[in-house]
Amino acid sequence: MKIVNVHIYGYGKWKDQSWELSEDGVQLFFGENESGKSTFMSFIKAILFGFPKKSDNQYIPVDTDSYGGTIKLLSEQFGEVVVERVKGRKVSGEVTVYFHDGTSGGEEELAKVLDDIDQTTFQGIFHFDLDGLNGIDKMTPEELNQFLYDTGLGGGQSISAIEKKINVDMEKLYKPRGKKTEMNLLLKEMEGKERDIHQWEERIDRYEELTSLIKQKEENIKDNKNQQAVLQERIKKMEKYEMIVPLAKAWEEKRLQLLEEKEIQDFPENGLERMDRFEERLLEKKSNLRDGKVKEKLLREKYEALTEHSPDIIHRAKEYISEYELYSHRQKELNDFRVEKDHLTKRMESMERDWNGSSIVSFMEIPFQPFMKNKLYHIKERDLVENQEERAVQRDLERVNKNINELMGQIKENNLDLLADEEILQLEEKLSKVKGKQQLLDEKATLVEQLQYMQKQHRIMRQRDKQTEYIFFILTIVFTGLAIFVLPEIILALSIVLLSILSCGMGIQKRLASKKWDKEMKRDASILKEKIKKIEDIISSNNMEEGEQLNKILFYQREKQLNQQQLKYQLGELYIKKGNLEEDLEIIRKNRGEISIELSEWCTQFSLPQDEDYLYYEGLLDTLEEWNKIHEQREQIQAKMDRMERIQHEFSNKVKELIRELKPTILEDQTLQRSIELLIQFLNEVERTERRRSSVQEQISNCKETISKFQVEIEDIMGEMEELLRKAAVSSLEDYRKKGAANERYQRLQGEYKQLWLQMKLIIRNEEELSQTVPLLLDGELKPIYELSNLKGQLIELDTANEETYKDLAAIKKELSVLVEDGTYEEVLQEFTQMKEELNSLGKKWAVLSISKHIIQEVKRMYEQEKQPAVIKEAEVLFSSMTNGEYRKLFAPLGEERFILERHDGVRFDPAQLSRGTCELLYLAFRFALAKKFPKKEAFPLVMDEALVNIDRSRRKQVLKLVEDISQYRQVLFFTCHNHIRKEMNGNLLTLPESGVLPRL
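Just so you know, these numbers come straight off a predicted model, no measurement behind them.

Q: A description of the overall build of the protein chain should follow, citing residues and the corresponding values.
A: A count of helical and extended segments in the protein chain gives 23 helices and 14 strands. Taking the contacts inside the protein chain whose residues are at least 6 apart along the sequence as the reference set, 75% of them involve residues at least 24 apart. With the model as given, the accessible surface of the protein chain reaches about 61,100 Å², and the carbon-plus-sulfur share is 51%.

Q: Describe the packing of aromatic side chains, listing the residues and the values that go with them.
A: A complete count under the given rule lists 15 aromatic pairs for this structure. Note on Phe-40 and Phe-975: the rings are 5.9 Å apart at their centroids and 50° apart in plane angle, and the pair reads as tilted. Of this pair, Phe-40 sits in helix 1 (residues 37-49) while Phe-975 sits in strand 13 (residues 972-976), placing them 935 residues apart in sequence. With relative accessibility at 0%, the residue Phe-975 sits in the buried group. Measuring from ring centre to ring centre gives 5.8 Å for Tyr-324 and Tyr-327, while their planes differ by 20°; the resulting arrangement is stacked. One end of the pair is Tyr-324 and the other is Tyr-327, both in helix 9 (residues 311-354) and three residues apart, which spans about a single turn.

Q: Which residues make up the packing of helix 8 (residues 271-304) against helix 17 (residues 733-763), and what values go with them?
A: For the pair helix 8 and helix 17, the least separation of the axes is 9 Å and the interaxial angle reads 145°. Of helix 17, the residues touching helix 8 (which contributes Gly-271, Leu-272, Met-275, Asp-276 and Glu-279) are Leu-733, Tyr-736, Arg-737, Gly-740, Ala-741 and Glu-744. The class makeup of the residues in the contact of helix 8 with helix 17 is five nonpolar, two polar and four charged.

Q: Can you lay out the layout of surface pockets for me, pointing to particular residues and giving the numbers?
A: A water-sized probe rolled over the atoms picks out the places where empty space is left. One number sums up the size of the second largest pocket: a volume of about 650 Å³. Around the second largest pocket, the lining is made up of 23 residues, and of these Asp-421, Arg-523, Ile-527, Gln-561 and Gln-565 lie nearest the centre. Mapped by element, the contributors of at least two residues to the lining of the second largest pocket are helix 11 (421-434), helix 12 (437-486), helix 13 (490-541) and helix 14 (548-605). Among the elements that line the lining of the second largest pocket, the one with the most residues is helix 13, at eight residues. Each residue belonging to the lining of the second largest pocket can be placed in one class, and the counts come to eight nonpolar, five polar and ten charged.

Q: Could you give an account of unusual backbone geometry, with specific residues and numbers?
A: Positive phi, normally seen in glycine, also occurs at Asp-16, with a value near 55°. One can find Asp-16 in strand 2 (residues 14-20). With a phi close to 60°, Asp-115 is a non-glycine residue in the positive phi region. Along the chain, the position of Asp-115 falls in the loop between helix 2 (107-113) and helix 3 (119-126).

Q: I'd like a description of the nonpolar core, backed by residues and values.
A: Counting residues in hydrophobic clusters, the biggest one holds 79 residues, and the most contacted among them are Val-6, Leu-73, Leu-924, Phe-928 and Phe-940. Here the element with the most residues in this core is helix 21 (residues 916-932); it accounts for eleven residues. If near-sequence neighbours (up to four positions away) are discounted, Leu-924 is found in contact with Phe-128, Met-882, Ala-947, Leu-948, Ile-951 and Val-959. Membership of the second largest hydrophobic core comes to 29 residues, among which are Ile-366, Leu-376, Ile-379 and Trp-602.

About the cut-offs
Residues numbered from 1 in each chain as written. Predicted model: local features only at pLDDT ≥ 70, side-chain atom pairs only at ≥ 80, totals over all residues. Heavy atoms only, no water. Helix = DSSP H or I, 4+ residues; strand = E, 2+ residues; numbered from the N terminus. Contact = heavy atoms within 4.5 Å. Areas by Shrake-Rupley, 256 points an atom, 1.4 Å probe, with all protein chains shown as cover. Phe/Tyr/Trp six-rings, centres within 6.5 Å; stacked < 30°, edge-to-face > 60°. Buried < 20%, exposed > 50% of the residue type's maximum accessible area, 1.4 Å probe, protein only. Axes fitted to C-alpha atoms, helices over the stretch in contact; angles between N-to-C directions. Nonpolar A, V, L, I, M, F, W, Y, C, P; charged D, E, K, R; others polar. 1 Å grid on protein atoms, 1.4 Å probe; cavity = no way out; pocket = protein on both sides within 12 Å on 5 of 7 lines; lining within 4 Å. Points joined across faces, edges and corners; volume = space filled by probe spheres on them. Core = buried A, V, L, I, M, F, W, Y, C linked by side-chain atoms within 4.5 Å.

Okay, here's the thing in structure tokens:
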């Protein structure tokens, strides 16, 4: 499985960023501190396994609402897969997996794609960083051995930490001889509660007897309270009866008086008051009717004295007055237009004066068009591009010359250290006489390794040359096709053809240089083969002695020769690059000359001055564009002024004509404003007259309505009075008043009778009870005062009995409290039961921990027997390679959870006896071995973050070579901020920007 594309919508500092990752080699991410490396690694984990929790750093973006992104994976099983995760209802986000056949899925499908690898497995096996190495130099020997053992087991310290925590938790719960653990303390408390239960069983009989007595006394008190409640209820009733006795007597007196009076049935209710009000209103309305008729006569005389004007003249006057405001507004606009026109004219003249120093005659004579600016911009952009390219080529040329000088100096220095070929042959012949067999074998192995390295470099260079030739061939075809079929201008077409020829020439030159280097490599390889043959001949003769010093000299000379060959090859490459840059520079300068000719033709076409810079032409065109806009604006203003002056003149003539109709004696030469003032005076006068006429007319109408209203009201009042006489069955007003006095007297007695009954009902609310009680009180059969005295005596007797019962109850409860001062028997039993349940719960917890401990031990035993040997064997090979064969064996004694290393000379070490750098190499060997032996269908990518910072250069070189070998069958993402590591590692370089700079890659 490989990551081929990363697209971040928004995560931490990254916003809408994309990276394309190569399928081959190491993916090397290089960037300074705070350039976003940690954010990038966290993003990969977040998309594959879920966003961080709120307690962790969630990398919420600041300047965008988008949160999440996509990762494109290349899987052997599923093909091309895109995983997208965005913000959702869950903290981990909403994930969608898109497959190449158009289907999609969620978390379940993602788990299948990842082969059920979770975040813990990824962090422990496939992710390397400094956090795994921090504090390694401060560990004790036992801690270091345990750390490396856990690394080989699962990539970290999680299993040992879990096992240690389980032991601590078990000891907190229970120890066989412990005193302060939870279960030991609880057992001791249960023994005390068991003793309390035995004591309670001895005094339980007396407790039940006292409880029965308390219940009997409480029932007696309850019965007495019920009797007291009944007595108090009867006392309240008798007190009410005593209160209504005087009211009953007064009620009986009023009842007898009503029997003596005769009730009047046919007299209207409130008849006397109503008749008095009708008489007062009748007199008032008759007086108002007389006043209204006099007022109507006077208003009619006043209305006839007012005159009326012509409606047409009034309408015209109003229209001209309202239009005068528009006239004033138009006059003001006209003045503003004149001022604006003058201002625009001065601006145009000022703009022309600013350019009088040049060869321009007049702006009116220049045929300005908007497309002129586009043409100038196009010429300028091309010139700027060519200028930038020229500066870039010059900088590259200077850098190449500098590199050539440096290489030539290095070649001269190496020549001083190199021996002549004859001297080397003499040393080899001398060495062949004194070498031992083992040394000759080592020398042969070295020469074979050099020969293989040269052949490998030869293959790489051949492959690179083929790619370069293919690129130059494609560029030649593309440029030629553009020149023939696409570009319409002959100059650009010729430029493209020249570039095509140049590309073809550079490809041929590159091929010749490659053949020359190929010839040199074959010659060097032939020399190495001859040396190998000589050594084999010497070994076969079996006549050898030691020659360590000569061997070192020859080895040094061979390394210098190889270095010299590489420097010469690099020097040849730089000379080729220098020639290409010089040809590019010549083409760029030729293109700039053609651009200058095109600019001159443009100036001639539009009558503009020659030999000026781009700022001059841009300023001139901006000024011409602004001048033409101002000229057009001035013409529009002049047209508006002509139209408005015509409208103003027509309005003035209409007003003067109306004034002559109203007042012929007015002079002809008066101003328009004076004419409008006369019209306003005329309208004010007309308006005042109309208001007076309307007011008088309204007053007349009101008077008529008032008179009619008074007449109707008088008739209504007289009708109401006759209706009252009819209802009272009398014919005169005097008889009506006598009958009314008798009716009022009867109604007063009846009201007092009803009021007394209501007062008694407020005391005794039950109507039936009140009806039965009043006759008994009036006849003397019921005497409340005697009943009250008897009931109060009975209540006092019950109070005395209750006091005695309360005293007995208090004594019994006091005796009972002595028995239960340590809690009731039920409470003690309940506490003992709760303790048993708590003990059972703690026992279950201890059993779970014990089973977990047994399972972990069983897993570790299975790992030691089944998986650990393969991991250790692989780690042994890797560690030996990283240390250049210094340490050759690595093994773990079964059941001891530690490692032992054996050096090439047979001496054995514990990891604690190694240096920190060597310990880190051993850690990396275990991590690489564990990832390689991890049993999954697909090779999961490795993520390495600054895992080599404490390793010296020679061993780091071995580790980097191992990482490059691993990248051939498993993708490796390597993150670093160290420039020397970037230079030493071969891979696909992805440079992250500095803080605050976010280019799209």
